[in-house]
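Spelled out, the chains give:
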Protein chains: 2
Amino acid sequence: MSANREKDGPQSQEGQAGQDGQDGQEKEQPRRRQARGERRIAQLLEAAAAVFTTTGYSAASTNAIAREAGVSPGTLYQFFPNKEAIAIELGGRLMRQMRETYGEALAPVDPTTSLEEAVTAAVDRFIAFNCEHPVFFTLMHGPDVPGRMAEEHDALHATLLGRIEALLSSLLPDADPAELNRTAQMCLGLYKTGLELVLAHEGAEREAYVRELKHVLIRYLAPLVGDRLGRAGTPGPAPTA
Amino acid sequence: MSANREKDGPQSQEGQAGQDGQDGQEKEQPRRRQARGERRIAQLLEAAAAVFTTTGYSAASTNAIAREAGVSPGTLYQFFPNKEAIAIELGGRLMRQMRETYGEALAPVDPTTSLEEAVTAAVDRFIAFNCEHPVFFTLMHGPDVPGRMAEEHDALHATLLGRIEALLSSLLPDADPAELNRTAQMCLGLYKTGLELVLAHEGAEREAYVRELKHVLIRYLAPLVGDRLGRAGTPGPAPTA
DNA sequence: TAGAAACGCGAGCGATCGCTCGTGTTTGCC
DNA sequence: GGCAAACACGAGCGATCGCTCGCGTTTCTA
């Protein structure tokens, strides 16, 4: 019978493929996509987003994604070399979209803005984006994302860290760099926690958690900024609109 | 997806305690363990803790756990009906140990203790426990834990939430219950984030993050407690260097 | 209109994983 | 010593999953 197990296999194509000839120069595959193909890709990415959001990355099966998109597994692999590539492409598109739409969220360190204004602006933008694209949280903060995705996450993490550090150092020019880094790490972590709670609720409750998150960040940073930008003791009447 | 097993094995007496006699000893188990067996169980749980910590729950294979313990897969299943039971038992033992050792961490709401003292005591205890048992974080906050484990997590979450709410309401008797719940949720989330950062570092850096976490909690709660327990405006000597 | 290429299908391959089973060894008790 | 139960082993079953392959269909191009 064909029930011959324990076939150790001579290492065969277990090399996980990855990308053919990815090392060094990127060998582009001149695949001419038709309009129908582009439509399928968008359709598949949308389906993947849904499946990833509900089940997470590693628990999501490619067959499930294909089924969600209403196509066969073979069709899926017509457009993506493997499962990881789907997440990469999806994450990449979201990253690009985020940069285009909210790229300047943390950039301007206008010295005339108060701490509350800065926090409110940054939090509102990022929260809005993540509420609109819940997959983003799954792909970025998910624990089971593949190696290539983790790189993308680390890159985003480093970028945000750098921006927060820059913003903080402009408020605290004489701070210890190590302390600054810790504070920035803490801010990112606090934001992540708040985002998790925000995504877990809806409507008025969600907005309440957004306010709470802002309070956390402002109260955490206010004593550091101190009287430099002043008036951060009690955020007073609802800072959000 | 999972637990699709329809072939109920012969010894499917897997009532496995829990249900009713939760705190009593486990009856229903006609299996007389010898001293050797108890040793094996401890050995297997230790191996499982190591594997879970490094690879997470769902990515950990039972064969890997058995290998780590130096036994065969068959031996592992001599003591545990399935993979989930290993995590359950491990989590249960850790929970019990935590309750025994640090059970009173959040319990006393001594009106003479200040906010800083309460936060410091609670954080120090829980951080210490989690640093000593890193698996606990993986099992509790891991995203891929099985259903039964999630229940245990939810139970712990609810317990901690209740204690925090009680503690807060003793400081804010006239607070809105919904607001109180949100604040407690936020505190737990902040703690979780801080714990994540603490576990990711070592030595002096780790201690610095512990301090930072305390600052976050104290500064977040101080304005709420206000002048009730007083002197929470600026948490003592310069928080930063 | 003919040929090529992109698109589409779905059965199924190869590998892994949770778990079992038949068999042999050790331990506790009489 | 004798016997039953607990312990130990490891090949392998059954199921799933990522992915492939052969072949049929649609679309583009000349």
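Residues numbered from 1 in each chain as written. Chains lettered and ligands numbered in written order. Predicted model: local features only at pLDDT ≥ 70, side-chain atom pairs only at ≥ 80, totals over all residues. Heavy atoms only, no water.

## Points about the interface of chain A and chain B
Stage number 1. Contact residues are listed per partner, giving 25 residues for chain A and 26 residues for chain B.
Stage number 2. For the chain A and chain B pair, buried surface summed over both sides reaches about 2,600 Å², with 65% attributable to carbon and sulfur atoms.
Stage number 3. The largest share of the area that chain A buries against chain B comes from R182, M186 and R219 of chain A, three residues that together contribute 25% of it.
Stage number 4. Put simply, chain A and chain B have 4 salt bridges between them. (Contact = heavy atoms within 4.5 Å. Buried area = accessible area lost by both parts, 1.4 Å probe. Salt bridge = Lys/Arg side-chain N within 4 Å of Asp/Glu carboxyl O.)

## A few points about the pattern of salt bridges
Stage number 1. Under the counting rule described, the total for this entry stands at 14 salt bridges over all chains.
Stage number 2. With its nearest N and O atoms 3.3 Å apart, the salt bridge here joins E196 of chain A to K192 of chain B. You can see E196 of chain A sitting in helix 8 (residues 177-199) and its partner K192 of chain B sitting in helix 8 (residues 177-199), one on each of two chains.
Stage number 3. Taking relative accessible area as the criterion, E196 of chain A reaches 32% and is therefore assigned partly exposed.
Stage number 4. The residue E205 of chain A makes a salt bridge to R182 of chain B at a minimum N-O spacing of 3.1 Å. A residue pair is termed interchain when its members come from two chains, as with E205 of chain A in helix 9 (residues 203-225) and R182 of chain B in helix 8.
Stage number 5. For E205 of chain A, a relative accessible area of 28% puts it in the partly exposed group.
Stage number 6. Look at R182 of chain B and you get buried, because its relative accessible area is 8%. (Helix = DSSP H or I, 4+ residues; strand = E, 2+ residues; numbered from the N terminus. Buried < 20%, exposed > 50% of the residue type's maximum accessible area, 1.4 Å probe, protein only.)

## Section: the environment of A59 of chain A
Residue and element names in this part refer to chain A.
Stage number 1. Looking at the secondary structure, you find A59 in the loop between helix 1 (35-55) and helix 2 (62-69).
Stage number 2. For A59, a relative accessible area of 44% translates into the label partly exposed.
Stage number 3. Sequence spacing of A59 and D144 is 85 residues, and the spatial spacing of their C-alpha atoms is 8.8 Å.

## Points about the protein's contact with DNA strand C
Stage number 1. Not every one of the 27 residues close to DNA strand C is listed here, only the nearest: R33, G74 and T75 of chain A together with T62 and K83 of chain B.
Stage number 2. Atoms of DNA strand C within 4 Å of the protein: sugar and phosphate make up 70%, bases the balance.
Stage number 3. In this structure, a base nitrogen belonging to DNA strand C sits 3.2 Å away from a side-chain N or O atom of Q78 of chain A.
Stage number 4. Between DNA strand C and T62 of chain B, the relevant distance is 2.8 Å, taken from a phosphate oxygen to a main-chain nitrogen or oxygen of the residue.
Stage number 5. At the level of elements, helix 1 and helix 3 (73-79) of chain A together with helix 2 (62-69) and helix 3 (73-79) of chain B are the ones that each hand at least two residues to the surface near DNA strand C.
Stage number 6. At 4 residues, helix 3 of chain A tops the list of elements feeding residues into the surface near DNA strand C.
Stage number 7. In the surface near DNA strand C, the residues fall into 5 nonpolar, 13 polar and 9 charged. (Near = heavy atom within 4 Å. Polar contact = N/O pair within 3.5 Å; in protein donor to acceptor, adjacent residues only side chain to side chain. Nonpolar A, V, L, I, M, F, W, Y, C, P; charged D, E, K, R; others polar.)

## Side note on the confidence of the model for chain A
Residues and elements named next belong to chain A.
Stage number 1. Residues at a pLDDT of 70 or more form 78% of chain A, whose mean pLDDT is 82.
Stage number 2. Scored below 50 in pLDDT, residues 1-27 shows 5 contacts in the model against residues more than four places distant or in partner chains.
Stage number 3. Note that pLDDT drops below 50 for residues 229-241; the model gives that stretch 18 contacts with residues more than four away or on any other chain. (pLDDT = per-residue confidence, 0-100.)

## Brief notes about the nonpolar core
Stage number 1. Residues F52 of chain A together with F52 of chain B are the most contacted members of the largest nonpolar core, which totals 132 residues.
Stage number 2. The biggest single contributor to this core is helix 9 of chain A, with 11 residues.
Stage number 3. Beyond its immediate sequence surroundings of up to four residues, F52 of chain A is in contact with Y57, A60, I65, I86, A87, L90, V135, T138 and L139 of chain A. (Core = buried A, V, L, I, M, F, W, Y, C linked by side-chain atoms within 4.5 Å.)

## Digging into the relation of the copies chain A and chain B
Stage number 1. Turning chain A through 180° and shifting it by 0.0 Å along the axis lays it on chain B, with an RMSD of 0.1 Å. Accordingly, the operation relating the two chain copies is best matched by a two-fold axis. (Least-squares fit on C-alpha atoms with pLDDT ≥ 70 in both.)

## Structural notes on the protein's contact with DNA strand D
Stage number 1. Around DNA strand D, 30 residues are found, and the nearest of them are T62 and K83 of chain A together with G74, T75 and Q78 of chain B.
Stage number 2. What you see for DNA strand D is that sugar and phosphate hold 71% of its atoms within 4 Å of the protein.
Stage number 3. In the environment of DNA strand D, a phosphate oxygen lies 2.6 Å from a nitrogen or oxygen atom belonging to the backbone of K83 of chain A.
Stage number 4. One of the side-chain N or O atoms of R33 of chain B is found 3.0 Å from a phosphate oxygen in DNA strand D.
Stage number 5. With 5 residues, the top contributor of residues to the surface near DNA strand D is helix 3 of chain B.
Stage number 6. Considered class by class, the residues forming the surface near DNA strand D number 7 nonpolar, 13 polar and 10 charged.

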